[in-house]
Amino acid sequence: MLQGLWLVPALPLAGFLALVIGARLSRRVAAVIGVGSVGAAMVAALAIAARFMAAPPPGHAFTQVLWQWLKVSDFEPRVALYLDPLAVVMMAVVTGVGFLIHLYSARFMGRDEGHNRFFAYMNLFVASMLILVLADNLLLLYLGWEGVGLCSYLLIGFWYKDAASARAAIKAFVVTRVGDAAMAIGLLLLFMSLGTLEIQPLMVKAADRWPAGCGMAMAAAALLLGGAVGKSAQLPLQTWLPDAMAGPTPVSALIHAATMVTAGVYLVARTHVIFELAPPVQRLVAIIGAATLLLAGASALAQCDIKRVLAYSTISQVGYMFLALGVGAWGAGIFHFMTHAFFKSLLFLGAGVVILAMEEEHDMLKMGGLRKAMPLVFWTFLIGACSLAALPLATAGFYSKDLILAEAWASPKGGPWLWAAGAAGAFITSIYTFRMVFLTFFGPMKKAPGVRPGVVMGLPLVVLAAFSIVAGFVQMPEGMGDVQLFAGFVKPVLPAAPIEPGAGGPELALGLAAAAASLLGILAAWWLFLARPALLESAVRSPVGAALHKLWFEGWGFDRLYDVLLVRPLVWLARVNRADFIDGFYRAIGAAGDGLHLVLRLTQTGHVRWYAAGVAFGAIVAIAVLVLL
Amino acid sequence: MLTVPLHHVYVLAAVLFALGLVAVLVRRNIIFILMGIEIMLNAAGVAFVAAAWRWQQADGQVMFFFILTMAAAEVSVGLALVLRLYHGFKTLDADAAAAMRG
């Protein structure tokens with residue numbers, strides 16, 4: 001059964017190839033291939049996951065070697081898939097959410113002229129993402145890593161005739177490239193010092209050879225973190241994600257919420273041994289996470305574009321995952337990845353329906369009152385929003401966020417400050433989430449919806465809404481139900497945070513505080529956006545409020561900062577050096593040849609007698625040289 | 001058998017060659033240029049024959065036969081070109097055919 005693992009990435013890849021070769025297929029056939037290949041991959045992945053859970057292979061890991069990739073002296077990477085509990089979770093979520101989003105896209109992109117191209121890119125993305133999470137060695141992982149980056153670029157710029165989309169695509173590609181370059185250097189460093197890129201031997205060797213806190217471990221961890229930060233849109237490389245919303249909404253749901261942006265989380269969790277050997281870097285992971293979740297959350301408060309709210313929210317939620325990783329709560333980070341994938345893709349898909357119904361209107365201030373007109377979307381969106389806002393006890397988001405907060409407090413690598421950042425973030429999250437719900441679905445209706453979602457678009461919403469609630473029940477804290485299914489499942493790969501037995505004292509109080517933060521946030525949102533909107537209006541109009549609003553609206557001015565610090569100097573340099581000075585040398589050679597040619601041309605008179613004289617003179621010189629020298 | 005010193009033959013060959021070269025360089029009529037070339041070729045032939053006699057080796061005479069046949073071929077091609085030239089320019093002046101300049 002597990003032998004069928006290769007099918008999981010191969011099926012979407014086959015779908016991609018079929019769509020590329022059959023570029024002229026009818027829309028219906030293309031949609032069937034595109035959705036069907038991912039659906040088949042999901043069936044295979046779920047069957048394998050069920051088998052894996054029912055009868056775990058020895059050592060809780062299964063390796064399938066497909067072929068030898070290349071062989072250069074002692075560098076012998078294989079194309080091999082590695083399945084362990086972490087990979088099972090990732091694979092199941094990627095294929096499951098991926099299938100639902102593909103299904104939704106069949107209707108959402110149905111009239112788009114690039115319909116077939118869209119499904120080809122999406123299938124390639126799913127294949128790359130599966131290679132990334134199933135890779136047995138870091139080289140293959142890097143292949144998947146770059147593959148998803150490429151697909152992200154292609155899909156952000158999917159409507160390439162629109163200049164803003166094309167620019168956003170380039171921005172995303174270039175900014176993530178900064179991180180990818182760091183990661184590539186990190187991989188080279190790991191290979192140079194440990195002699196292998198296969199993940200499992202690498203982790204064993206690293207733990208063997210490197211003492212905790214040694215320079216090599218720190219450098220390797222920092223470089224891998226660079227890659228993770230770029231891909232996961234964390235500080236300081238977060239600027240590409242809000243602009244990436246220029247792509248079609250299903251792309252935002254799949255790539256820029258559920259899967260690709262969490263690749264960084266996966267990478268850090270996968271190589272957690274190295275991070276444990278470098279405590280300062282791990283601390284940095286937690287600080288980056290905490291700072292990102294607060295800054296991005298504040299930015300989300302000020303956005304008008306519904307997709308940009310969700311984009312900042314994604315950055316913020318991935319920040320929670322980084323916070324979890326940074327305090328050593330590896331399992332909690334992956335748990336939040338799973339729940340986040342469900343509720344965030346649900347919210348994106350719901351937003352997509354709303355945008356479609358509003359005829360491409362993204363501005364929430366021009367929406368309103370859709371609660372009655374679109375009940376299915378409203379209720380599913382509300383469930384997603386509750387999960388994002390971590391509404392206590394009922395939602396998946398609550399259990400995963402609560403786990404992160406509890407471990408951020410109790411772990412020796414955490415502390416009250418990190419906990420406080422997370423709790424404040426939870427408060428902000430509730431406010432911006434329900435601001436979005438209230439502006440879109442409550443209040444007076446400003447524009448009647450056009451298109452209603454059919455079954456094809458409604459089904460993914462319902463399924464994801466269900467998962468946004470029940471996915472949390474696989475892991476409940478000790479005080480409430482004490483279910484440890486998730487932690488128990490990933491334990492062979494990701495050890496639990498090292499918490500001293502006595503430290504669990506304030507857990508209940510902390511949980512209550514976090515729950516209160518979430519509820520207070522919802523209440524504040526209700527008060528500010530429904531009950532007393534005038535109050536907020538006047539606050540925004542005051543000088544301080546206006547400045548703050550502008551700062552948050554522009555995402556803390558990072559774009560402007562990078563524009564001044566990096567983009568403009570580079571453009572200036574490029575302009576100054578337009579006539580490349582290295583080229584100058586080669587151009588001079590060309591000019592010299594040209595000049596010589598002009599001189600020599602004078603000898604070509606066309607008079608045959610001059611030529612004969614030249615030949616005679618040359619012969620005399622040659623003979624003279626031979627005789628005299 | 002009358003013995004001529006070798007260097008006399010070489011001087012003769014050199015003078016002949018120089019005369020041929022001068023003819024090529026100074027005459028404008030293309031027929032005379034061809035004739036100059038013939039003289040230069042024969043100057044070389046004389047030098048070869050003399051050298052063959054001096055060292056009692058057949059190679060030089062063999063080489064003269066090559067020169068002879070080569071000269072015949074050259075003249076046939078050359079005269080054909082002269083005909084074409086005359087056909088094209090209505091003159092035998094080599095300098096008139098200077099249309100192809102660098």
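This report concerns the structure included in the present document.

## A few points about the overall build of chain B
- Counting its regular elements, chain B contains three helices and zero strands.
- In sequence order, chain B lays out its α and β elements as α-α-α.
- On C-alpha atoms alone, chain B measures out to a radius of gyration of 17 Å, which is more than a quarter above the 13 Å that the 2.2 N^0.38 rule sets for 102 residues.
- Referenced to the eigenvectors of the C-alpha coordinate spread, the extents of chain B come out at roughly 50 × 25 × 25 Å.
- Taken across its 102 residues, chain B has 14% of its residues classed as buried.

## Section: the nonpolar core
- In this structure, Met-91, Leu-130, Val-133, Leu-134, Leu-323 and Ile-334 of chain A are the most contacted members of the largest nonpolar core, which totals 212 residues.
- With 17 residues, helix α15 (residues 330–357) of chain A is the largest single contributor of residues to this core.
- If we ignore the near neighbours within four places in the chain, the residues touching Met-91 of chain A are Val-8, Ala-45, Ala-49, Leu-130, Val-133 and Leu-134 of chain A.
- Ala-13, Met-40, Ala-43 and Ala-94 of chain B belong to the second-largest nonpolar core, a separate cluster that totals 11 residues.

## Concerning the interface of chain A and chain B
- Tallying the contact residues gives 10 residues for chain A and 10 residues for chain B.
- Tallying contributions element by element places helix α27 (residues 608–628) of chain A first for the side of chain A that touches chain B, with five residues.
- For the side of chain A that touches chain B, a count of residues per class yields four nonpolar, four polar and two charged.

## Notes on the packing of helix α3 (residues 85–108) of chain A against helix α10 (residues 249–258) of chain A
All names here are of chain A.
- Two elements in contact, α3 and α10, have axes whose closest approach is 9 Å; the angle formed by their N-to-C orientations is 165°. One finds that α3 runs roughly antiparallel with respect to α10. Regarding α3 and α10, the two cross each other, and that crossing is left-handed. Mapping the contact onto sequence places Val-97, Gly-98, Ile-101, Tyr-104, Ser-105 and Phe-108 in α3 and Thr-249, Pro-250, Ala-253, Leu-254 and Ala-258 in α10.
- In terms of residue class, the contact of α3 with α10 is built from eight nonpolar, three polar and no charged.

Parameters at a glance
Residues numbered from 1 in each chain as written. Chains lettered and ligands numbered in written order. Predicted model: local features only at pLDDT ≥ 70, side-chain atom pairs only at ≥ 80, totals over all residues. Helix = DSSP H or I, 4+ residues; strand = E, 2+ residues; numbered from the N terminus. Rg over C-alpha atoms; globule rule 2.2 N^0.38 Å. Buried ≥ 20, exposed ≤ 12 C-beta atoms within 10 Å, placed from the backbone. Core = buried A, V, L, I, M, F, W, Y, C linked by C-beta atoms within 7 Å. Contact = placed C-beta atoms within 7 Å. Nonpolar A, V, L, I, M, F, W, Y, C, P; charged D, E, K, R; others polar. Axes fitted to C-alpha atoms, helices over the stretch in contact; angles between N-to-C directions. Parallel < 35°, antiparallel > 145°, perpendicular 65-115°, else oblique. Left-handed = near helix turned anticlockwise from the far one by under 90°.

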